[in-house]
Amino acid sequence: VSTDITRRVAVLGGDARAAAEASRWLDQGVDVTVVAAEVTAAIQDLADRGLLVWVRAEVADGPDRQDDPSPAGRSEGSVTLVGGGPGDPGLLTVAGREALESADVVITDRLAPLTSLATLRPEVRIIDVSKIPGGRSTPQEEIDCLLVEHALAGRSVVRLKGGDPFVFGRGGEEVAACEAAGVPVTVIPGVTSAVAAAAAAGIPVTHRGVTQGFTVISGHVPPDHPDSTLDFAALARSGTTLVVLMGVRTLGAICAALVDAGLDANTPAAVVADATRPSQQVVRGTVSTIDQDARDVRPPAVAVIGDVAGPSLRSRSSLGTDR
Ligand SMILES: C[S@@+](CC[C@H](N)C(=O)[O-])C[C@H]1O[C@@H](n2cnc3c(N)ncnc32)[C@H](O)[C@@H]1O
């Protein structure tokens, strides 16, 4: 890595460790250029979103390394699913951090707090299995196999995931794959973006006197899709804050379905992208306008629909009143 006083750095190499290094600099608000012939999916995603520059060039003696680490003196391997939180390395739990520090192999995602990997021991193997919407991805079965194979070879494996492993994270499938192979597996919960993205934008998902609950849904498929199992009429009358994950592409259809089902068209809404990262973006509108208001937003983003997303929350607060 070379730096200059204009706060620009060049990261040489495109592997998962280079991704961690690049992420660490980005967190500090530094402009990053990655110089490498090939890059991991996470680096490609950051480049595609304009958050860093990727210069395609061979790097002599780059940091790429392929060797599998030998297990650190353990007889039995194991897998720990770690919820990494929404991206800010400060929102990784202490237990998650400790698991990372004792890992032989870390299998990571683009939404995980990559900066947390920058300080791992050099012998730790980091494998990027990012899934990019509409782009590169590693099939889930392959990820399951990687977890099991490294653990059966006696290694301590951490599967580092964004948010919480069990909130749209396919963590349940990874646990099942380990159990089927007789591999000991534990789960360390994480701070989910379903709550943290709203909070990072100053939006409480519940607020006394405003809403008594929140409902988290996947926007992976639009409401009219044969795979959609959500009851939009029930959601529209639920009276809870609605939090939509994976819904950038489908937000227009979701909002239309909610309004068609009777949700007030003036219900406040917000979209929070890249929450808790330096590139965080917040767009506000109503359930009728938010799709257009947020048309330039790219994933990852969370949409929050409900009175808690409105500008006048404080004036309608019941703070200070009796129950
Ligand atoms: C496959 S789901 C995984 C959710 C994750 N397990 C969690 O608990 O946050 C990916 C979605 O999480 C949301 N997401 C994750 N990190 C985010 C962030 N930093 N800012 C906004 N949305 C985020 C986006 O809706 C994204 O499409």
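As shown above, the structure is provided for reference.
Residues numbered from 1 in each chain as written. Predicted model: local features only at pLDDT ≥ 70, side-chain atom pairs only at ≥ 80, totals over all residues. Heavy atoms only, no water.

Draft legend 1. The overall build of the protein, seen in detail. In terms of regular secondary structure, the protein is built from nine helices and 14 strands. Among the 323 residues that make up the protein, the fraction classed as buried is 50%. For the protein, restricting intrachain contacts to residue pairs at least 6 apart in sequence, the fraction spanning at least 24 positions comes to 65%. For the protein, the accessible area works out to roughly 15200 Å², and carbon and sulfur atoms hold 51% of it. (Helix = DSSP H or I, 4+ residues; strand = E, 2+ residues; numbered from the N terminus. Buried < 20%, exposed > 50% of the residue type's maximum accessible area, 1.4 Å probe, protein only. Contact = heavy atoms within 4.5 Å. Areas by Shrake-Rupley, 256 points an atom, 1.4 Å probe, with all protein chains shown as cover.)

Draft legend 2. Structural view of the pattern of salt bridges. Scanning the model with the defined rule gives ten salt bridges in all. As a salt-bridge pair, Glu21 and Arg24 come within 2.6 Å of each other at their nearest N and O atoms. Placement of the pair is Glu21 and Arg24 together in helix H1 (residues 16-27), with a separation of three residues, close to one helical turn. Take Glu21: its relative accessible area is 18%, and that puts it in the buried class. (Salt bridge = Lys/Arg side-chain N within 4 Å of Asp/Glu carboxyl O.)

Draft legend 3. Broad picture of unusual backbone geometry. Cis rather than trans, the peptide bond between Pro299 and Pro300 has omega equal to 5°. Within the secondary structure layout, Pro300 lies in the loop between helix H9 (290-293) and strand E14 (301-305). Phi is positive for Phe168, close to 50°, though the residue is something other than glycine. Along the chain, Phe168 turns up in the loop between strand E8 (156-161) and helix H5 (171-180). Since its relative accessible area comes to 42%, Phe168 is described here as partly exposed.

Draft legend 4. Quick look at the pairing of strand E3 (residues 31-36). Sheet topology note: the strand E2 (residues 8-12)/E3 ladder contains five bridges and is parallel. Bridge pairing in E3 places Leu12 opposite Val35. Crossover connection from E2 via H1 to parallel E3: handedness right-handed. Where E3 meets strand E4 (residues 53-56), four bridges bridge the pair, whose relative direction is parallel. (Pairing = 2+ DSSP bridges. Right-handed = clockwise from strand over helix to strand, strands pointing away.)

Draft legend 5. Molecular detail of the environment of Thr286. Relative to the assigned elements, Thr286 resides in strand E13 (residues 281-286). Along the chain, Thr286 and Pro268 lie 18 residues apart, while their C-alpha atoms are 4.2 Å from each other. Those residues within four positions of Thr286 in sequence are excluded, and the remaining contacts are Ala265, Asn266, Thr267, Pro268, Ala269 and Asp293.

Draft legend 6. Fine view of the layout of surface pockets. The calculated volume of the largest pocket comes to roughly 1300 Å³. Lining the largest pocket are 40 residues, with Arg110, Leu111, Lys131, Phe168 and Met246 positioned closest to its centre. Those elements giving two or more residues to the lining of the largest pocket turn out to be E8, helix H6 (193-200) and E14. (1 Å grid on protein atoms, 1.4 Å probe; cavity = no way out; pocket = protein on both sides within 12 Å on 5 of 7 lines; lining within 4 Å. Points joined across faces, edges and corners; volume = space filled by probe spheres on them.)

Draft legend 7. Main features of the environment of Asp128. Relative to the helices and strands, Asp128 resides in strand E7 (residues 125-128). Spatially, the C-alpha atoms of Asp128 and Ile107 are 6.0 Å apart, while their sequence positions differ by 21 residues. In this structure Asp128 touches Ala16, Thr40, Ala41, Ala42 and Thr108, once residues within four positions along its chain are discounted. One polar contact links the side chain of Asp128 to the main-chain amide nitrogen of Ala41, over a distance of 3.3 Å. (Polar contact = N/O pair within 3.5 Å; in protein donor to acceptor, adjacent residues only side chain to side chain.)

Draft legend 8. The packing of aromatic side chains, seen in detail. Here the structure, examined in full by the defined rule, presents zero aromatic pairs. Positioned above the aromatic ring of Trp25 is the side chain of Arg24, whose terminal nitrogen or guanidinium carbon lies 5.2 Å from the ring centre. (Phe/Tyr/Trp six-rings, centres within 6.5 Å; stacked < 30°, edge-to-face > 60°. Lys NZ or Arg CZ within 6 Å of the ring centre and 35° of its normal.)

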